[in-house]
Amino acid sequence: MYKRQNNDSYDQLTQLERARSDGASALIICPLDDSLIAEALTSIQSAGLPLILMSSSIDSYGGVRVAGDDYLMGVEAGRAAGRIIQAERNGQAQVIILDYPSLNTIVARADGLADGISEISRQANIIGRYLGATRENGYATVRQLLADGVAFDVILSINDNGSFGAIQALEEAGIPADQVIISSVDAEALARQFMSDGNYMRASVDVGREAFSRVAVAVAVKLLAGATLSETILVPPVGVVTRETVLALTPAAE
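Residues numbered from 1 in each chain as written. Predicted model: local features only at pLDDT ≥ 70, side-chain atom pairs only at ≥ 80, totals over all residues. Heavy atoms only, no water.

A.B. asks: It is not clear to me how the packing of helix H6 (residues 160-172) against helix H7 (residues 189-197) should be interpreted in this structure. Could you clarify?
C.D. replies: Interaxial distance between H6 and H7 falls to 10 Å at its minimum, and their mutual angle equals 45°. Regarding the angle of H6 to H7, the classification is oblique. Crossing angle aside, the handedness with which H6 passes H7 is left-handed. Every residue of H7 that contacts H6 at Asp160, Phe164 and Ile167 is listed here: Leu190, Ala191 and Phe194. Its residues assigned to classes, the contact of H6 with H7 comprises five nonpolar, no polar and one charged. (Axes fitted to C-alpha atoms, helices over the stretch in contact; angles between N-to-C directions. Helix = DSSP H or I, 4+ residues; strand = E, 2+ residues; numbered from the N terminus. Parallel < 35°, antiparallel > 145°, perpendicular 65-115°, else oblique. Left-handed = near helix turned anticlockwise from the far one by under 90°. Contact = heavy atoms within 4.5 Å. Nonpolar A, V, L, I, M, F, W, Y, C, P; charged D, E, K, R; others polar.)

As structure tokens, this is what we get:
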């Protein structure tokens, strides 16, 4: 196993070359820069080495792509918000979606967010889809919407990072934490902490990073054995983490 140093794309290219010189018989790669490693991947393909790419947004180069089911991730986050709206807001909500339109896989996740909330809470009004995905984008988008007087009480975010930026903007604007519901994807440690603290975040989808790894290793074993597999294997999310499930797992204070 070769670890990336500071997520350096050039370092990844060097590690690919090293792995091959060390006699690797199969490669599992989490691409950082598709264009930078394209030539190396073509060479791996020509050599007939089993190749597993942990991304659905890159050509398979004769290997297998293992990725999360982005649409289903979004659907589950949307459904989670819908259930909260039904229980606490009588199905009424003004919703904004934090999207990232330059990546098709993320657009599919945002589509899932919209479909999931509409499935559970049909009266919820989706105001629009806006730029998110990073803290900076989430912060700038929500800050601008508030400045423009856009009234919303639910944020659906394609990931936790965008949610964190949105939370910063809401806090700076003095919006009470119980006035806005945020449902997101990734279930990061900070997202779980926000849920525990009662700070806007109500749900986030656990995408199952460990499951990705197990599937990738299983695929590598099958390819080494000569099996023929689908070009893309989508891994479903593990489940939804909510404020209630986080609090249930939090030890009671003595």
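Next comes the rest of the account.
A.B. asks: What is the right way to look at the pairing of strand S4 (residues 94-99) in this model?
C.D. replies: For S4, the tally of buried residues reaches five of six residues, placing the bulk of the element in the interior. Pairing geometry for S4 and strand S5 (residues 125-131), over six bridges, is parallel. Among the inter-strand pairings, Ile97 is bridged to a residue of S5, identified as Arg129. Handedness of the β-α-β unit built from S4, helix H4 (residues 104-120) and S5 comes out right-handed. Looking at chain direction, S4 and strand S6 (residues 154-157) are connected through four bridges and run parallel. What sits directly across from Leu98, in S6, is Ser157. (Buried < 20%, exposed > 50% of the residue type's maximum accessible area, 1.4 Å probe, protein only. Pairing = 2+ DSSP bridges. Right-handed = clockwise from strand over helix to strand, strands pointing away.)

A.B. asks: Which parts of the structure should I look at to understand the pattern of salt bridges?
C.D. replies: Pairing is possible between side chains that carry opposite charge, provided their charged atoms lie close to one another. Applying the stated rule across the entire model yields 12 salt bridges. Here Arg192 and Asp206 are joined by a salt bridge, their closest N and O atoms 3.6 Å apart. Here Arg192, found in helix H7, pairs with Asp206, found in strand S8 (residues 201-206); they are 14 residues apart in sequence, far enough to count as distant. Take Arg192: its relative accessible area is 31%, and that puts it in the partly exposed class. Of the residues examined, Asp206 reaches a relative accessible area of 23% and is grouped as partly exposed. Taken together, the salt bridges that share partners define one network made up of Glu76, Arg79 and Glu119. (Salt bridge = Lys/Arg side-chain N within 4 Å of Asp/Glu carboxyl O.)

A.B. asks: What's the story with the side chain of Thr242 in this structure? I'm lost.
C.D. replies: By the element assignment, Thr242 lies in strand S10 (residues 239-242). With residues up to four places along the chain from it excluded, the contact list for Thr242 reads Met195, Arg202 and Ala203.

A.B. asks: Can you help me understand the sheet that holds strand S2 (residues 51-53) in this one?
C.D. replies: Each strand in a sheet pairs with another by means of backbone hydrogen bonds, the pair being arranged parallel or else antiparallel. Spatially, four strands are ordered S1-S2-S3-S9 in an open sheet, and the strand pairing comes out parallel. Strand pairing shows two members of the sheet lacking a second neighbour, strand S1 (27-29) and strand S9 (232-235), which therefore form its edges. Strand-to-strand twist of the sheet, defined as the mean angle between neighbouring strand axes without regard to direction, takes the value 20°. Where S2 lies against strand S3 (residues 64-68), two bridges are found, and the strand directions are parallel.

A.B. asks: Would you take a moment to explain the layout of surface pockets for this structure?
C.D. replies: Remark: the empty space left among the atoms is shown by a probe the size of a water molecule rolled over them. Considered as a void within the structure, the second largest pocket measures approximately 170 Å³ in volume. Forming the boundary of the second largest pocket are 16 residues, of which Pro50, Leu51, Gly62, Gly63 and Leu223 lie nearest the centre. Grouping the amino acids of the lining of the second largest pocket by side-chain chemistry returns nine nonpolar, six polar and one charged. (1 Å grid on protein atoms, 1.4 Å probe; cavity = no way out; pocket = protein on both sides within 12 Å on 5 of 7 lines; lining within 4 Å. Points joined across faces, edges and corners; volume = space filled by probe spheres on them.)

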